[in-house]
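Here's the letter readout for the chains.
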Amino acid sequence: MNFCVKCGRDCEESLEGMCIDCWLDGRRLTTLPHHVDLKVCTNCGEYCIGERWFRTDTEDAVIKAALGARGIIRDASYVDQSASAEENDPRVYTVSVWTELDVMGHRVEDKATTIVRIKNSVCKPCSRKLGSYYTSILQIRSGAKELDPALRDEALAMVVESVERQAANNKQLFITKAEAVPGGVDVYLSSISLGKSLAKELSEEYCAETKESPKLVGQTSDGQDMYRLTYLVRLPEYHVGDVVVCEGRHCKLTSVSGIGGRVLDLLNFRERAVRRADMEDLRIYAKRSDLMDATVIDRSGSEIQVLHPSNYSTVDLKVPEGFEAGETVKVVSIDDVLYLVP
Ligand SMILES: [Zn+2]
Ligand SMILES: [Zn+2]
């Protein structure tokens, strides 16, 4: 059995020779500064807590800011805590923090208050966005002289959707700007890896050629070379649905992917694969949008009868097995002979 050097009471354990009551007497168990500044991004509304930016409500942010500034007496560990915030005005809150501690096996509690002031600031991603920051450029071009506006819009929509998807978990990823230029469009991006992933996606979707070229733009503060990357994506002229000439035969292009494509022979309706390396030899005979509509007047097994869209004569067309002709069908004229494009 020990006794307290201050009050003389017997006590089982002693801290620096004192009983717990005498040891705690006059000591601050928890401390809070007079005030805590809480940064809010005026652009996106996120709060800076610790070193990181979070999206949360104001009350939660001011409480977290106060808890982050609280100090506890040494040799103590947390047992429990609670906090409440009271609004003095929309930018100033009084936060009360109640803390339960374990001091060498003894449960003790303390209460402290501070004033949390909300200060305007701009988070790093927002300041980059606002400052037109970019580290890569995605150049979308076409094999033709001009990029078809419909194809441009389609490719751009795919880029925007992909960036939104990737940015959901990473605020650092964004499109700085998209700019129409002769022959296509330039998309300025906040990250090199974003440019790379978008170039790969477009390449796979359209079987497009890509080329990357780095450009030295300076040095970081610690002397590392800093690069910007340009990703050129050349979209092929052909598009799914076009009639193309493949090894001398007229075919409908039925699919395109990163490894090549598939074509359907208009003479015998056989489908086959085209390797990526051979895709560049495809020649467009008729764009999907240029195919003609022919009115169907009769159906019988492997043939249908249609009205020729130019001279209105009746024409028999071979159809593939299982083909269901509607009111009209798509046709193409090759050497004055009409073919069905199923
Ligand atoms: Zn004592
Ligand atoms: Zn922000």
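Cut-off values and rules
Residues numbered from 1 in each chain as written. Chains lettered and ligands numbered in written order. Predicted model: local features only at pLDDT ≥ 70, side-chain atom pairs only at ≥ 80, totals over all residues. Helix = DSSP H or I, 4+ residues; strand = E, 2+ residues; numbered from the N terminus. Rg over C-alpha atoms; globule rule 2.2 N^0.38 Å. Buried ≥ 20, exposed ≤ 12 C-beta atoms within 10 Å, placed from the backbone. Contact = placed C-beta atoms within 7 Å. Domains from an automatic or database assignment. Nonpolar A, V, L, I, M, F, W, Y, C, P; charged D, E, K, R; others polar. Pairing = 2+ DSSP bridges. Axes fitted to C-alpha atoms, helices over the stretch in contact; angles between N-to-C directions. pLDDT = per-residue confidence, 0-100.

### Comments concerning the overall build of the chain
Working step 1: Secondary structure assignment for the chain yields 6 helices and 25 strands.
Working step 2: Computed over its C-alpha atoms, the radius of gyration of the chain comes to 36 Å, more than 25% above the 20 Å expected for a compact globule of 342 residues.
Working step 3: The principal-axis extent of the C-alpha atoms belonging to the chain is close to 120 × 50 × 40 Å.
Working step 4: Among the 342 residues that make up the chain, the fraction classed as buried is 23%.
Working step 5: Within the chain, contacts between residues at least 6 apart in sequence are counted, and of these 51% link residues at least 24 apart.

### Brief notes about the domain arrangement of the chain
Working step 1: By the assigned domains, the chain splits into domain 1 (14–123), domain 2 (132–235) and domain 3 (243–340).
Working step 2: When each unit is reduced to the centre of its C-alpha atoms, the spacing between domain 2 and domain 3 is 35 Å.
Working step 3: Domain 2 puts 4 residues into the contact, and the matching count from domain 3 is 7 residues.
Working step 4: Residue classes in the side of domain 2 that touches domain 3 are distributed as 2 nonpolar, 1 polar and 1 charged.

### Remarks on the sheet that holds strand 8 (residues 76–89)
Working step 1: If you trace the 6 strands from one edge of the open sheet to the other, you get 6-5-4-10-9-8, paired in mixed fashion. In the strand order of this sheet, the two ends are held by strand 6 (52–54) and strand 8, each with one partner. Neighbour to neighbour, the strand axes of the sheet diverge by 35 degrees on average, direction disregarded.
Working step 2: Two elements, strand 5 (residues 47–49) and strand 6, share 3 bridges in a ladder whose sense is antiparallel. For isoleucine 49, the partnering residue across the bridge sits in strand 6 and is arginine 52.

### So, the pairing of strand 14 (residues 209–219)
Working step 1: The element strand 14 is largely exposed, with a buried count of 0 among its 11 residues.
Working step 2: In terms of strand pairing, strand 14 meets strand 15 (residues 225–235) through 10 bridges, oriented antiparallel. Of the residues in strand 15, the one forming a bridge with proline 214 is leucine 229.
Working step 3: In this structure, the hairpin formed by strand 14 and strand 15 is closed by a connection of 5 residues, where glycine 223 is found at a positive phi of approximately 85 degrees.

### So, the confidence of the model for the chain
Working step 1: Across the chain, pLDDT averages 91, with 100% of residues at or above 70.
Working step 2: The least confident element of the chain, judged by mean pLDDT, is strand 1 (residues 2–3) at 82; the most confident is strand 4 (residues 35–41) at 96.

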